[in-house]
Amino acid sequence: MRRDFISSDYPVHIMRRGARGLPFARDKSDKWRSLQGLFFLNDISSKNNWMREIEEERIKQKQDVDTRCQHQKNCGFFGWPSSWPERKPLVSIWAFAFSGNHDHLIVQEEEEGGISKFMHKWNMSTAKHFNEKYQEKGAVFQGPYVCKTIDLDEYLEWVVPYVMIKNTFEVHPRGFDWAVKNFNKAWGWAIEYPFSSIGDYAGKRNSPIVDFSRLKEIIGGPLKFKKLCYDMIIARQEIIGSKTKIKKINYFSHEK
(Lines give C-alpha, C1' and ligand atoms only; values in the text may rest on other atoms or scores of the structure.)
Protein backbone atom coordinates (compact mmCIF):
# COMPACT_ATOMS: atom_id res chain seq x y z
CA MET A 1 0.00 0.00 0.00
CA ARG A 2 1.35 3.41 -0.97
CA ARG A 3 0.37 5.85 1.72
CA ASP A 4 1.33 8.99 3.51
CA PHE A 5 1.64 9.02 7.26
CA ILE A 6 -1.95 8.68 8.47
CA SER A 7 -3.20 10.50 11.52
CA SER A 8 -6.76 10.38 12.82
CA ASP A 9 -6.62 14.19 12.88
CA TYR A 10 -6.69 14.40 9.06
CA PRO A 11 -8.87 13.00 6.29
CA VAL A 12 -7.26 11.14 3.41
CA HIS A 13 -7.97 10.75 -0.29
CA ILE A 14 -7.94 7.11 -1.44
CA MET A 15 -8.02 5.74 -4.97
CA ARG A 16 -8.05 2.14 -6.16
CA ARG A 17 -7.74 1.23 -9.84
CA GLY A 18 -8.48 -1.93 -11.80
CA ALA A 19 -5.61 -4.06 -13.09
CA ARG A 20 -4.42 -2.84 -16.51
CA GLY A 21 -7.05 -0.11 -16.28
CA LEU A 22 -9.84 -2.68 -16.76
CA PRO A 23 -13.16 -2.42 -14.90
CA PHE A 24 -13.65 -4.41 -11.71
CA ALA A 25 -17.33 -3.39 -11.70
CA ARG A 26 -18.73 -4.55 -15.03
CA ASP A 27 -22.38 -3.87 -14.42
CA LYS A 28 -24.67 -2.00 -12.04
CA SER A 29 -25.07 -4.99 -9.75
CA ASP A 30 -21.31 -4.95 -9.12
CA LYS A 31 -21.51 -1.26 -8.22
CA TRP A 32 -24.50 -1.77 -5.94
CA ARG A 33 -22.63 -4.53 -4.14
CA SER A 34 -19.57 -2.30 -3.76
CA LEU A 35 -21.83 0.43 -2.42
CA GLN A 36 -23.16 -1.94 0.22
CA GLY A 37 -19.58 -2.87 1.04
CA LEU A 38 -18.85 0.74 1.96
CA PHE A 39 -21.45 0.41 4.70
CA PHE A 40 -21.34 -3.20 5.88
CA LEU A 41 -17.56 -3.67 5.74
CA ASN A 42 -16.90 -0.39 7.49
CA ASP A 43 -17.24 -2.02 10.88
CA ILE A 44 -14.79 -3.41 13.42
CA SER A 45 -16.56 -6.78 13.54
CA SER A 46 -18.04 -7.30 10.03
CA LYS A 47 -17.99 -10.89 8.77
CA ASN A 48 -16.53 -12.51 5.68
CA ASN A 49 -19.92 -13.87 4.66
CA TRP A 50 -21.64 -10.52 5.18
CA MET A 51 -23.67 -10.58 1.97
CA ARG A 52 -25.16 -13.99 2.67
CA GLU A 53 -26.22 -12.99 6.18
CA ILE A 54 -27.79 -9.78 4.87
CA GLU A 55 -29.84 -11.76 2.34
CA GLU A 56 -30.91 -14.21 5.04
CA GLU A 57 -32.04 -11.28 7.20
CA ARG A 58 -34.15 -9.88 4.34
CA ILE A 59 -35.77 -13.25 3.70
CA LYS A 60 -36.58 -13.55 7.37
CA GLN A 61 -38.22 -10.13 7.43
CA LYS A 62 -40.29 -10.93 4.35
CA GLN A 63 -41.48 -14.21 5.82
CA ASP A 64 -42.49 -12.67 9.13
CA VAL A 65 -45.22 -10.26 7.99
CA ASP A 66 -45.83 -9.11 11.56
CA THR A 67 -42.23 -8.03 12.08
CA ARG A 68 -41.70 -4.28 12.21
CA CYS A 69 -38.33 -2.62 12.33
CA GLN A 70 -37.87 -0.75 15.55
CA HIS A 71 -35.13 1.36 14.01
CA GLN A 72 -34.89 2.69 10.46
CA LYS A 73 -31.31 1.44 10.20
CA ASN A 74 -32.63 -2.14 10.31
CA CYS A 75 -34.77 -1.69 7.19
CA GLY A 76 -34.15 -1.63 3.47
CA PHE A 77 -31.00 -1.73 1.39
CA PHE A 78 -28.73 -0.93 4.33
CA GLY A 79 -30.53 -3.02 6.91
CA TRP A 80 -28.16 -4.02 9.69
CA PRO A 81 -28.73 -7.71 10.62
CA SER A 82 -30.26 -8.03 14.06
CA SER A 83 -27.83 -10.85 14.94
CA TRP A 84 -24.79 -8.60 14.43
CA PRO A 85 -23.17 -6.48 17.15
CA GLU A 86 -23.85 -2.76 17.12
CA ARG A 87 -22.09 -1.12 14.20
CA LYS A 88 -18.79 0.61 15.03
CA PRO A 89 -17.23 2.17 11.91
CA LEU A 90 -13.52 1.89 11.23
CA VAL A 91 -13.57 5.10 9.21
CA SER A 92 -15.82 8.07 8.63
CA ILE A 93 -16.59 8.29 4.91
CA TRP A 94 -16.83 11.89 3.74
CA ALA A 95 -17.17 11.36 -0.01
CA PHE A 96 -16.99 8.66 -2.68
CA ALA A 97 -17.40 8.09 -6.42
CA PHE A 98 -17.35 4.88 -8.49
CA SER A 99 -16.60 4.80 -12.20
CA GLY A 100 -16.19 1.09 -12.87
CA ASN A 101 -12.43 0.85 -13.29
CA HIS A 102 -11.44 3.14 -10.42
CA ASP A 103 -12.96 4.35 -7.17
CA HIS A 104 -12.29 7.44 -5.07
CA LEU A 105 -12.91 7.89 -1.35
CA ILE A 106 -12.31 10.61 1.20
CA VAL A 107 -12.24 9.14 4.69
CA GLN A 108 -10.99 9.80 8.20
CA GLU A 109 -9.98 7.11 10.67
CA GLU A 110 -12.27 6.41 13.59
CA GLU A 111 -10.17 3.52 14.89
CA GLU A 112 -6.38 3.23 14.88
CA GLY A 113 -5.42 1.45 11.68
CA GLY A 114 -9.01 1.77 10.49
CA ILE A 115 -8.18 2.74 6.92
CA SER A 116 -5.90 -0.25 6.39
CA LYS A 117 -8.41 -2.66 7.96
CA PHE A 118 -11.37 -1.30 6.02
CA MET A 119 -9.61 -1.18 2.67
CA HIS A 120 -8.27 -4.71 3.13
CA LYS A 121 -11.79 -6.03 3.74
CA TRP A 122 -13.36 -4.00 0.94
CA ASN A 123 -10.70 -4.95 -1.60
CA MET A 124 -10.72 -8.63 -0.66
CA SER A 125 -14.50 -8.77 -0.87
CA THR A 126 -14.53 -7.02 -4.26
CA ALA A 127 -11.82 -9.25 -5.72
CA LYS A 128 -13.38 -12.48 -4.47
CA HIS A 129 -16.80 -11.54 -5.82
CA PHE A 130 -15.34 -10.47 -9.18
CA ASN A 131 -13.32 -13.66 -9.72
CA GLU A 132 -16.18 -15.93 -8.66
CA LYS A 133 -18.81 -14.12 -10.74
CA TYR A 134 -16.75 -13.83 -13.93
CA GLN A 135 -14.72 -17.05 -13.51
CA GLU A 136 -11.41 -15.25 -13.67
CA LYS A 137 -8.12 -15.53 -11.82
CA GLY A 138 -5.34 -13.21 -10.85
CA ALA A 139 -5.11 -9.66 -9.57
CA VAL A 140 -8.19 -7.50 -9.80
CA PHE A 141 -6.54 -4.23 -8.78
CA GLN A 142 -3.57 -2.41 -10.27
CA GLY A 143 -1.24 -2.68 -7.33
CA PRO A 144 -1.93 -1.13 -3.93
CA TYR A 145 -4.43 1.61 -3.44
CA VAL A 146 -3.13 5.18 -3.29
CA CYS A 147 -3.65 7.06 -0.04
CA LYS A 148 -2.84 10.77 0.36
CA THR A 149 -3.33 12.86 3.51
CA ILE A 150 -5.37 16.06 3.16
CA ASP A 151 -3.78 18.62 5.46
CA LEU A 152 -4.43 21.87 3.59
CA ASP A 153 -7.62 23.95 3.40
CA GLU A 154 -7.06 24.58 -0.29
CA TYR A 155 -6.40 20.94 -1.07
CA LEU A 156 -9.57 19.87 0.70
CA GLU A 157 -11.64 22.43 -1.22
CA TRP A 158 -10.18 21.10 -4.47
CA VAL A 159 -10.17 17.37 -3.86
CA VAL A 160 -13.75 17.10 -2.58
CA PRO A 161 -15.21 18.48 -5.85
CA TYR A 162 -12.63 16.44 -7.77
CA VAL A 163 -13.87 13.22 -6.18
CA MET A 164 -17.57 13.89 -6.35
CA ILE A 165 -18.16 15.95 -9.51
CA LYS A 166 -15.23 15.38 -11.86
CA ASN A 167 -15.38 11.62 -11.51
CA THR A 168 -19.17 11.62 -11.78
CA PHE A 169 -19.09 13.81 -14.91
CA GLU A 170 -16.65 11.34 -16.45
CA VAL A 171 -19.36 8.65 -16.54
CA HIS A 172 -22.07 10.98 -17.91
CA PRO A 173 -23.87 9.28 -20.85
CA ARG A 174 -23.00 12.20 -23.14
CA GLY A 175 -19.39 12.37 -22.06
CA PHE A 176 -17.22 14.54 -19.86
CA ASP A 177 -16.76 17.35 -22.39
CA TRP A 178 -20.51 17.74 -22.84
CA ALA A 179 -21.00 17.77 -19.06
CA VAL A 180 -18.41 20.52 -18.67
CA LYS A 181 -20.04 22.68 -21.36
CA ASN A 182 -23.51 22.08 -19.92
CA PHE A 183 -22.67 22.24 -16.24
CA ASN A 184 -26.13 22.87 -14.81
CA LYS A 185 -27.81 20.15 -16.86
CA ALA A 186 -25.01 17.73 -16.03
CA TRP A 187 -25.26 18.69 -12.36
CA GLY A 188 -28.94 17.67 -12.37
CA TRP A 189 -27.96 14.28 -13.73
CA ALA A 190 -25.01 13.91 -11.36
CA ILE A 191 -27.02 14.40 -8.16
CA GLU A 192 -29.24 11.50 -9.27
CA TYR A 193 -26.28 9.21 -9.99
CA PRO A 194 -26.40 6.55 -7.24
CA PHE A 195 -22.72 5.62 -7.22
CA SER A 196 -21.40 8.95 -5.97
CA SER A 197 -22.03 10.81 -2.73
CA ILE A 198 -22.80 14.04 -4.56
CA GLY A 199 -26.53 13.32 -4.38
CA ASP A 200 -26.29 13.03 -0.60
CA TYR A 201 -24.37 16.29 -0.28
CA ALA A 202 -26.89 18.04 -2.53
CA GLY A 203 -29.75 16.88 -0.30
CA LYS A 204 -31.30 14.40 -2.75
CA ARG A 205 -30.54 11.34 -0.60
CA ASN A 206 -29.74 10.50 2.99
CA SER A 207 -27.42 7.52 2.78
CA PRO A 208 -26.02 5.99 5.99
CA ILE A 209 -22.71 5.47 4.19
CA VAL A 210 -21.51 9.05 4.43
CA ASP A 211 -21.04 11.52 7.26
CA PHE A 212 -20.92 15.13 6.04
CA SER A 213 -21.00 16.79 9.45
CA ARG A 214 -17.30 17.69 9.55
CA LEU A 215 -17.08 18.43 5.85
CA LYS A 216 -19.95 20.91 5.93
CA GLU A 217 -18.33 22.75 8.81
CA ILE A 218 -15.31 23.29 6.59
CA ILE A 219 -16.64 23.92 3.07
CA GLY A 220 -20.28 24.78 3.75
CA GLY A 221 -23.61 23.50 2.48
CA PRO A 222 -24.91 22.40 -0.94
CA LEU A 223 -24.88 25.84 -2.59
CA LYS A 224 -21.28 26.60 -1.66
CA PHE A 225 -20.29 23.08 -2.64
CA LYS A 226 -21.85 23.53 -6.09
CA LYS A 227 -19.83 26.73 -6.55
CA LEU A 228 -16.65 24.92 -5.55
CA CYS A 229 -17.45 22.24 -8.11
CA TYR A 230 -18.05 24.86 -10.79
CA ASP A 231 -14.77 26.59 -9.96
CA MET A 232 -12.85 23.32 -10.13
CA ILE A 233 -14.46 22.12 -13.36
CA ILE A 234 -15.01 25.35 -15.27
CA ALA A 235 -12.63 27.99 -13.94
CA ARG A 236 -9.80 25.48 -13.45
CA GLN A 237 -8.57 27.37 -10.42
CA GLU A 238 -5.04 26.53 -9.43
CA ILE A 239 -5.38 25.66 -5.76
CA ILE A 240 -2.61 23.24 -4.92
CA GLY A 241 0.83 24.32 -6.08
CA SER A 242 -0.10 27.96 -6.61
CA LYS A 243 2.06 30.83 -5.38
CA THR A 244 -0.67 32.00 -3.03
CA LYS A 245 -0.15 31.55 0.68
CA ILE A 246 -1.18 28.09 1.85
CA LYS A 247 -2.47 27.63 5.37
CA LYS A 248 -2.78 24.48 7.41
CA ILE A 249 -6.26 23.21 8.19
CA ASN A 250 -7.26 24.65 11.53
CA TYR A 251 -10.31 22.47 11.95
CA PHE A 252 -8.36 19.24 12.23
CA SER A 253 -6.41 20.45 15.24
CA HIS A 254 -9.50 19.81 17.36
CA GLU A 255 -9.16 17.66 20.47
CA LYS A 256 -10.94 14.37 20.47
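Residues numbered from 1 in each chain as written. Predicted model: local features only at pLDDT ≥ 70, side-chain atom pairs only at ≥ 80, totals over all residues. Heavy atoms only, no water.

Below, the discussion takes up the overall build of the protein chain. Scanning the protein chain for helices and strands turns up 9 helices and 5 strands. Along its sequence from the N terminus, the protein chain presents helices and strands in the succession β-β-α-α-β-β-α-β-α-α-α-α-α-α. Across the 256 residues that make up the protein chain, the buried fraction comes to 49%. Look at the contacts in the protein chain between residues 6 or more apart in sequence, and 71% of them connect residues 24 or more apart. Accessible surface computed for the protein chain: about 13800 Å², of which carbon and sulfur atoms make up 50%. (Helix = DSSP H or I, 4+ residues; strand = E, 2+ residues; numbered from the N terminus. Buried < 20%, exposed > 50% of the residue type's maximum accessible area, 1.4 Å probe, protein only. Contact = heavy atoms within 4.5 Å. Areas by Shrake-Rupley, 256 points an atom, 1.4 Å probe, with all protein chains shown as cover.)

Below, the discussion takes up the side chain of Arg 33. Among the structural elements, Arg 33 can be located in helix 1 (residues 28-40). Put simply, Arg 33 is tucked away with no salt bridge, and the nearest opposite charge, on Glu 132, sits 7.0 Å away. Engagement of the side chain of Arg 33 in a polar contact is seen with the side chain of Ser 125, the distance being 3.1 Å. Discounting residues that sit within four places of it in the chain, Arg 33 has contacts with Trp 50, Met 51, Ser 125, Thr 126 and His 129. (Lys, Arg positive; Asp, Glu negative; His and termini not counted. Salt bridge = Lys/Arg side-chain N within 4 Å of Asp/Glu carboxyl O. Polar contact = N/O pair within 3.5 Å; in protein donor to acceptor, adjacent residues only side chain to side chain.)

This next bit is on helix 3 (residues 114-134). Relative to the 30 Å expected for 21 residues at 1.5 Å per residue, helix 3 spans 30 Å between its end C-alpha atoms, a close match to the ideal helical length. Of the residues making up helix 3, those classed as buried are Gly 114, Ile 115, Phe 118, Met 119, Trp 122, Asn 123, Ser 125, Thr 126, Ala 127, Phe 130, Asn 131 and Tyr 134. Gln 135 sits one or two positions beyond helix 3 and adopts a positive phi of about 55°. (Expected span 1.5 Å × (residues − 1).)

Mapping Asp 30 onto the fold places it in helix 1. Residue class for Asp 30 comes out buried when judged on its relative accessible area of 5%. For Asp 30, the side chain forms a polar contact with the side chain of Tyr 134, separated by 2.6 Å. Once residues within four sequence positions are removed from consideration, Asp 30 is found in contact with Ala 25, His 129, Lys 133 and Tyr 134.

A word on the confidence of the model for the protein chain. Scored by pLDDT, the protein chain comes out at a mean of 82, with 83% of its residues at no less than 70. For the stretch residues 65-75, pLDDT sits under 50, and the model shows 9 contacts to residues farther than four places along the chain or on other chains. Note that residues 237-256 has pLDDT below 50 and, in this model, 36 contacts with residues that lie over four places away or in other chains. (pLDDT = per-residue confidence, 0-100.)

For residues that are not glycine, phi is negative in most cases, and the peptide bond is trans in most cases. In this structure, Arg 20 is a non-glycine residue whose phi angle is positive, near 60°. The phi dihedral of Gln 135 is positive, around 55°, even though this residue is not glycine. One can find Gln 135 in the loop between helix 3 and strand 5 (146-149). Taking the relative accessible area as the measure of exposure, Gln 135 reaches 69% and is therefore exposed.

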